[in-house]
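# Survey of secondary and tertiary structure
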Amino acid sequence: MKKSMLLGALTVAGLAAGAASASTLEDVKARGELNCGVNTGLVGFAAPDANNNWQGFDIDICRAVAAAVLGDPDAVKYVPLTGKTRFTALAAGEIDMLSRNTTWTFSRDVDLKFEFVGVNYYDGQGFIAPRELGVTSAKDLDGATVCIQTGTTTELNLADFFRSNSISYEPVPIETNAEALQQLLAGACDVYTTDASGLAASRATFENPGDWVILPEIISKEPLGPLVRHGDNDWGDIVRWTLNALVAAEELGVTSANVAELSNGTDNPEVNRLLGTEGGLGEMLGLDADWAANALAVTGNYGEIFERHIGENTPIGLARGLNAQWTEGGLLYAPPFR
Amino acid sequence: MTTLTDPPQESFRLSMLLNDTRYRSYTFQFIALICLVGFIGWLVSNAAQNLEDLGQDISYQFLGESSGYDINQRPIAYDSQSTHMRAAIVGVLNTLIVAVLGCVTATILGVVAGVLRLSNNWIVSKLMAVYVEAFRNVPVLIWILIIFFIMTASLPGPSAFRGDDPSASMVLDAFAFTNRGVYVPKPLWLDGSMIVVITFLLSIVAMFAYRRYATKLLFDTGRLLPMFWPSVGILFLPTLIMFFLLGRPIGLEYPELRGFNFQGGIQVRGSLIALWFALAIYTGAFIAENVRAGIQAISKGQTEAAASLGLRPNRIMNLVILPQALRVIIPPLISQYLNLTKNSSLAIAVGYMDVTGTLGGITLNQTGRAIEAILLLMLFYLTISLAISAVMNVYNNAVKLKER
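Note that residues are indexed from 1 along each chain, following the sequence as it is written. Numbering of ligands from 1 and lettering of chains from A proceed in the order in which they are written. Note on the predicted model: pLDDT of at least 70 is required for a residue's local features to be given, and 80 or more for side-chain atom pairs to be given and counted; whole-chain, interface and lining totals, by contrast, use all residues.

A count of helical and extended segments in chain B gives 12 helices and seven strands. Our radius of gyration is a C-alpha quantity, and the globule rule it is checked against amounts to 2.2 Å times the number of residues to the power 0.38. Over its C-alpha atoms chain B spans a radius of gyration of 30 Å, topping by over 25% the 22 Å that the globule rule assigns to 404 residues. When the backbone C-alpha atoms are referred to their principal axes, chain B occupies close to 115 × 75 × 50 Å. With C-beta atoms placed from the backbone, a residue is labelled by how many other C-beta atoms lie within 10 Å of its own: buried for 20 or more, exposed for 12 or fewer, partly exposed between the two. A burial count over chain B gives 29% of its 404 residues as buried. Residue pairs at least 24 apart in sequence account for 67% of intrachain contacts in chain B once pairs closer than 6 positions are excluded. Only DSSP runs of H or I reaching four residues or more are called helices, and only runs of E reaching two or more are called strands; each is numbered from the N terminus. Think of it this way: build a C-beta for each residue from its backbone, and any pair within 7 Å is a contact.

If you want it as structure tokens, here you go:
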């Protein structure tokens with residue numbers, strides 16, 4: 001029995017390794033469907049709506065890539081993954097790309113052999129606490145019970161934060177965001193910590209959002225972005241430049257409303273290169289010339305995606321902050337389309 | 001002239017490997033073995049080759065690096081600067097804690113339920129039947145989650161104990177039942193406490209010595225010494241006398257509400273309680289069936305013979321039936337213990353940091369060394385399981401029927 005289990009594990013490892021070897025672009029085209037790893041449920045970023053259609057900020061990245069590669073934004077198979085399963089799924093070739101609020105870190109990039117193609121949300125780790133707890137700063141949390149999603153960078157940041165401030169805490173590791181919220185609402189933990197965007201998204205789903213405060217401390221840098229496997233640079237380029245196209249489009253004033261009109265040619269050469277009327281950038285990627293226009297027609301530019309899912313007019317109500325264009329004091333800066 | 005000749009001394013010839021039935025089976029077994037080894041070798045080398053192509057080398061260096069995460073239940077000193085190896089050991093100890101607690105509780109529950117299920121009292125036997133059928137037919141993961149959610153939802157948070165008119169209060173001022181766990185007083189070992197502990201240990205030895213003496217006296221001379229009260233006296237009196245003579249060297253540290261949580265005392269976390277109880281009642285239901293099977297395997301004549309000798313039902317069970325039934329009960333009991341230990345790996349569902357949660361969970365995630373961590377985990381569970389069955393087999397050999 002034991003021996004056969006070992007054999008089984010090795011066989012699976014062997015098979016998985018075999019599946020990962022061919023060109024991802026060809027695989028996706030042959031399959032006619034993009035396998036995209038997403039969160040198991042984080043309102044605003046990735047969550048199924050009432051009709052079981054996936055919606056959200058991270059989902060639109062998947063849709064944009066599917067539109068650019070296959071010309072069909074709905075040709076996506078969403079694979080919900082927990083913090084624990086996401087890297088194995090990507091490494092094993094179960095998904096083509098991971099768009100699941102994943103922090104870009106050195107060891108994930110280098111040691112785990114993934115390729116982060118950019119940043120779609122500049123985040124930081126924060127705390128949420130009930131207002132009646134009377135806590136105004138994370139440094140008041142000495143002795144508190146802290147719920148935390150296990151298998152994430154937040155776990156390490158939390159240990160570092162409390163250690164460097166010489167205060168104690170009791171970690172309660174929890175598998176998913178939903179379970180953590182359940183524990184927080186039941187009072188089984190005093191505070192919950194995760195990326196500040198996630199906290200805002202979760203608070204929006206609470207019965208009385210006003211009863212909860214997000215503490216002012218941001219204890220880490222969390223650049224979140226989509227990633228692919230090492231070793232298939234062509235595929236990495238496609239995902240990277242699709243993301244860049246969304247960002248650049250906002251800077252250049254291309255929206256889902258005017259993309260069709262602008263695709264007929266404009267006086268701005270960069271817009272023309274982006275939308276494929278000159279330069280042949282799509283061909284270099286191995287895609288159609290109108291790849292970026294396809295993506296933009298579906299999802300709109302970065303600003304539109306942001307406002308639609310997590311912006312100030314949504315229940316989640318996040319300000320652009322660091323995620324504004326560089327021209328407006330933010331960090332978004334797409335390299336030139338040339 | 002000799003008509004009879006000795007049969008020619010046969011020397012071994014290679015063809016006999018196939019033609020001689022004495023050797024043929026060995027030949028085929030050997031060929032099968034070679035094929036099996038070759039197949040395993042091919043699988044291993046194939047997996048190793050594929051892993052190498054993926055750029056994933058097997059390396060256990062991460063075990064020496066600092067882990068960077070905290071663990072709430074720490075049987076040994078551990079902080080976020082400790083190594084992954086130490087985090088794994090903390091996890092192993094946590095697994096063993098819940099396994100031992102679970103096995104003991106499951107055995108008690110199982111024996112009681114198994115015996116009562118055979119009771120002549122209709123209500124008692126039906127109640128036990130309901131217990132067994134309800135608990136062994138629902139997956140243990142569900143039980144773990146149910147108990148955990150009931151605890152978090154029904155018990156008050158620590159803040160309910162606060163204020164001038166708290167909505168919750170501590171039981172006997174010593175035990176606090178909160179949705180984060182149960183806080184119980186912790187013994188404080190002051191000067192001289194070792195003497196009390198040693199006295200108590202000696203009392204245990206003395207109690208067994210007295211019981212053995214009384215039994216021997218009964219068998220040899222037929223004189224019946226009282227058993228229960230002297231045992232209790234020997235067990236507790238010397239310890240109590242020593243305790244007060246030395247001026248109460250063992251104190252209690254009571255939990256009290258300070259800051260966000262109860263501080264002091266021992267915290268039995270909700271996750272441990274949920275896991276422990278769920279595993280115990282689930283496995284207890286299986287053990288109850290083993291016990292029932294064991295008892296029913298003893299012929300009814302034994303009960304009748306014992307009754308005709310004038311033994312009362314309690315004694316029939318304790319002195320005649322159970323000792324014989326143990327032979328039937330122990331072997332399946334071993335596998336129930338193994339099941340319980342392996343089921344404890346469901347701990348992550350309630351955030352209990354067992355070895356699957358530390359080594360197979362956080363360490364695996366933070367280092368990305370999935371294959372290495374899983375292999376280590378398999379090795380650990382294999383070792384634990386083999387150790388449990390080794391110990392239980394020794395016990396089984398001690399109680400099994402001695403055939404002469």
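Next comes the rest of the description.
This part covers the overall build of chain A. Summing up its helical and strand segments, chain A has 14 helices and 14 strands in all. Whereas a compact globule of 338 residues would reach a radius of gyration of roughly 20 Å, chain A reaches 21 Å, a difference of no more than 12%. Here the C-alpha coordinates of chain A stretch approximately 60 × 60 × 40 Å along the principal axes. The buried share among the 338 residues of chain A stands at 51%. A fraction of 73% describes how many contacts in chain A between residues 6 or more apart in sequence connect residues 24 or more apart.

Our focus in this paragraph is the confidence of the model for chain B. Confidence per residue, as judged by the predictor, is encoded in pLDDT with a range of 0 to 100. Averaged over all residues, the pLDDT of chain B equals 86, while 96% of them reach at least 70. Two summary scores accompany this predicted model of the complex, namely pTM at 0.76 and ipTM at 0.72.

On the side of chain B, 39 residues touch chain A, which itself brings 37 residues to the contact. Every element with two or more residues in the side of chain A that touches chain B is listed here: α1 (2-19), α4 (86-91), β9 (144-149), α6 (153-164) and β10 (169-174) of chain A. The element best represented in the side of chain A that touches chain B is α1(A), accounting for nine residues. All residues other than Ala, Val, Leu, Ile, Met, Phe, Trp, Tyr, Cys, Pro, Asp, Glu, Lys and Arg, Gly among them, are scored as polar; the first ten of these are nonpolar and the last four charged. Classifying every residue of the side of chain A that touches chain B gives 17 nonpolar, 10 polar and 10 charged.

Take the nonpolar core next. The nonpolar core is taken to be a set of buried Ala, Val, Leu, Ile, Met, Phe, Trp, Tyr and Cys residues joined by way of C-beta atoms within 7 Å. One finds A:Cys62, A:Val65 and A:Ala68 to be the most contacted residues of the largest nonpolar core, which totals 98 residues. In terms of residue count, the dominant contributor to this core is helix α3 (residues 57-70) of chain A (11 residues). Residue assignment places this core across two domains, with domain 1 (24-122 + 224-325) and domain 2 (127-220) of chain A each supplying three or more. The next biggest cluster of nonpolar side chains, apart from the first, holds 53 residues, and it includes B:Val90, B:Phe135, B:Ile281 and B:Val350. For each domain, the first and last residues come from an automatic or database assignment.

Our next topic: unusual backbone geometry. All names here are of chain A. Even without a glycine there, the phi angle at Asn 52 is positive, about 65°. With respect to the secondary-structure elements, Asn 52 resides in the loop between β2 (47-48) and β3 (54-55). Since 6 C-beta atoms lie within 10 Å of it, Asn 52 is described here as exposed. With a phi angle near 65°, Lys 113 is a residue other than glycine that sits in the positive phi range. Looking at the element boundaries, Lys 113 is found in the loop between α5 (106-110) and β6 (114-116). A count of 17 C-beta atoms within 10 Å places Lys 113 in the partly exposed class.

A few words now on the packing of helix α4 (residues 122-136) of chain B against helix α8 (residues 270-296) of chain B. Residue and element names in this part refer to chain B. For helices, the fitted line uses only the C-alpha atoms of the stretch in contact; every axis is such a line through C-alpha atoms, and the angle between N-to-C directions lies from 0 to 180 degrees. Following both chains from N to C, one finds α4 and α8 inclined at 125°, their axes separated by 8 Å at the closest point. On the basis of the axis angle, α4 is oblique to α8. Crossing of α4 over α8 shows left-handed handedness. Contacts from Met 128, Tyr 131, Val 132, Phe 135 and Arg 136 of α4 reach α8 at Ile 281, Tyr 282, Ala 285, Phe 286, Ala 288 and Glu 289. Of the residues that constitute the contact of α4 with α8, the class distribution is nine nonpolar, no polar and two charged. Put simply, angles under 35 degrees are roughly parallel, angles over 145 are roughly antiparallel, angles from 65 to 115 are roughly perpendicular, and the rest are oblique. Working rule for handedness: look at the near helix, and if it is turned counterclockwise from the far one by less than a right angle, call the crossing left-handed; if clockwise, right-handed.

The next thing to look at is the sheet that holds strand β8 (residues 125-130) of chain A. Residues and elements named next belong to chain A. Note: two strands are recorded as paired if DSSP finds a minimum of 2 bridges between them. Pairing in this open sheet of five strands is mixed, and the strands run β10-β9-β11-β8-β12 from one edge to the other. Taken across any chain shown, the strands that pair with only one partner, and hence form the sheet edges, are β10 and β12 (212-214). Taken over all neighbouring pairs, the strand axes of this sheet differ in orientation by 30° on average, direction set aside. Where β9 lies against β10, six bridges are found, and the strand directions are parallel. Along β10, the bridge assignment pairs Ile 148 with Pro 173.

Attention now moves to the confidence of the model for chain A. On average, residues of chain A carry a pLDDT of 87, and 93% of them reach 70 or more. Confidence drops under a pLDDT of 50 for residues 13-20 of chain A, and excluding neighbours within four residues, the segment shows 19 contacts in the predicted structure.

This next bit is on the pairing of strand β11 (residues 191-195) of chain A. Residue and element names in this part refer to chain A. In terms of burial, β11 is largely enclosed, as five of its five residues are buried. Here four bridges tie β8 to β11, and the two strands are oriented antiparallel to one another. Directly across from Ile 128, in β11, lies its bridge partner Tyr 192. Here β9 runs beside β11; their pairing, made up of three bridges, is parallel. Note that in β11 the partner of Ile 148 across the bridge is Thr 193.

Residue and element names in this part refer to chain A. Domain parsing of chain A yields domain 1 (24-122 + 224-325) and domain 2 (127-220). Just the C-alpha atoms count here: the centres of domain 1 and domain 2 sit 29 Å apart. Contact residues are listed per partner, giving 18 residues for domain 1 and 16 residues for domain 2. The residue inventory of the side of domain 1 that touches domain 2, partitioned by class, reads eight nonpolar, nine polar and one charged.

Another point: the sheet that holds strand β7 (residues 266-269) of chain B. Two modes of strand pairing occur in sheets, parallel and antiparallel, and in both the strands are linked by backbone hydrogen bonds. Residue and element names in this part refer to chain B. One open sheet accounts for three strands, arranged β1-β2-β7; its pairing is antiparallel. Single-partner strands in this sheet number two, and they are β1 (176-178) and β7. When strand polarity is set aside, the average angle formed by the axes of neighbouring strands in this sheet is 15°. One ladder, built from four bridges, connects strand β2 (residues 181-184) with β7; its direction is antiparallel. Paired with Val 184 across the two strands is Ile 266, which belongs to β7. Strand contacts of α8: β2 and β7, with the helix running at about 55° to β7, the strand carrying the most contacts.

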